[in-house]
Amino acid sequence: KKMPQAVEIEEFVLSALMTEGKAIERINLKADDFYLAKHQIIFTAIQRLQNRFSAIDMFTICEELNKMGELENIGGQYFVTCLAIKVASNVHLVSHSEIIKQKSIARKLINISGQIQDMSYDEQTDVSDVLEFFEKNIGQKEVYVLRAGHARVHALRAAAEGIRERLFPGQYGFFSDIALDDF
């Protein structure tokens, strides 16, 4: 089976971050949440620029990747340029980043469950060690992240519906073309 991944969404998120550098402040991702190594490297470059309060765009990212010695490893300026033009808007950045986070957590759960299975079959491993490994590696953090993401989606949907009703009581208007399921 193929590991959970959303490579195209990863590209959209990286593209959105290149077009609006401050957008990184709206998402909760780490480099290892990305499936492809080159996406992890590019995200790391973006984080490094953000940590130094530098401008974030395709030019500064290429320069940072060059400083890191990774520019050619990820496909060079051509790859960064192609990535930068993938998305014209970052409207769905938060929901896209949550998909990446969910895929990342799913991959971690698969890896950890495989290790737990191996440990459980090993006659020399004490069950208490397996349980300790489980508790240590499948913590409340991942569960909280997934639940918080779903709660945020429901809150945004309710807020959008409330705004629509206040602006257009009892009728559909401007927001009728917006699919609230996208929130």
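As a starting point, this report considers the structure included with it. The shown structure was predicted, so the numbers you read here are calculated from the model rather than taken from an experiment. (Residues numbered from 1 in each chain as written. Predicted model: local features only at pLDDT ≥ 70, side-chain atom pairs only at ≥ 80, totals over all residues. Heavy atoms only, no water.)

### Some remarks on the nonpolar core
Counting 31 residues, the largest nonpolar core has Val13, Leu17, Ile42, Phe43, Ile61 and Leu65 as the members making the most contacts within it. Listing elements by their share of this core, those giving two or more residues are α1 (7–19), α2 (37–51), α3 (58–68), α4 (76–84) and α5 (93–121). If near-sequence neighbours (up to four positions away) are discounted, isoleucine 42 is found in contact with Leu14, Met18, Ile61, Leu65, Ile74, Phe79 and Leu83. (Core = buried A, V, L, I, M, F, W, Y, C linked by side-chain atoms within 4.5 Å. Buried < 20%, exposed > 50% of the residue type's maximum accessible area, 1.4 Å probe, protein only. Helix = DSSP H or I, 4+ residues; strand = E, 2+ residues; numbered from the N terminus. Contact = heavy atoms within 4.5 Å.)

### Some points on α1
Helix length check: α1 (13 residues) gives 19 Å between terminal C-alpha atoms against 18 Å at 1.5 Å per residue, within 8%. Looking only at α1, the buried set comprises Ile9, Glu10, Glu11, Val13, Leu14, Ser15, Ala16, Leu17 and Met18. (Expected span 1.5 Å × (residues − 1).)

### A word on the packing of aromatic side chains
Under the defined criterion, the tally for this structure stands at one aromatic pair. Measuring from ring centre to ring centre gives 4.9 Å for phenylalanine 34 and phenylalanine 43, while their planes differ by 40°; the resulting arrangement is tilted. Taking relative accessible area as the criterion, phenylalanine 34 reaches 1% and is therefore assigned buried. You can call phenylalanine 43 buried: its relative accessible area is 1%. (Phe/Tyr/Trp six-rings, centres within 6.5 Å; stacked < 30°, edge-to-face > 60°.)

### Side note on α4
Within α4, burial applies to Gly76, Phe79, Val80, Leu83 and Ala84. Summarising the axial view, the buried residues of α4 lie within an arc of 135°, below the 170-degree limit, and thus occupy one face. For α4, the exposed residues set more than 90 degrees away from the buried face come down to Gln77 and Tyr78. The inward-facing, buried residues of α4 abut α1, α2 and α3. (Arc of directions from axis to C-beta.)

### Concerning the environment of aspartate 57
Relative to the elements of secondary structure, aspartate 57 occurs in the loop between α2 and α3. Judged by relative accessible area, aspartate 57 falls into the partly exposed class, the value being 26%. Residues aspartate 57 and leucine 17, 40 residues apart in the sequence, show an inter-C-alpha distance of 7.8 Å. Engagement of the side chain of aspartate 57 in a polar contact is seen with the backbone nitrogen of phenylalanine 59, the distance being 2.9 Å. Side-chain polar atoms of aspartate 57 contact the backbone nitrogen of threonine 60, separated by 2.8 Å. (Polar contact = N/O pair within 3.5 Å; in protein donor to acceptor, adjacent residues only side chain to side chain.)

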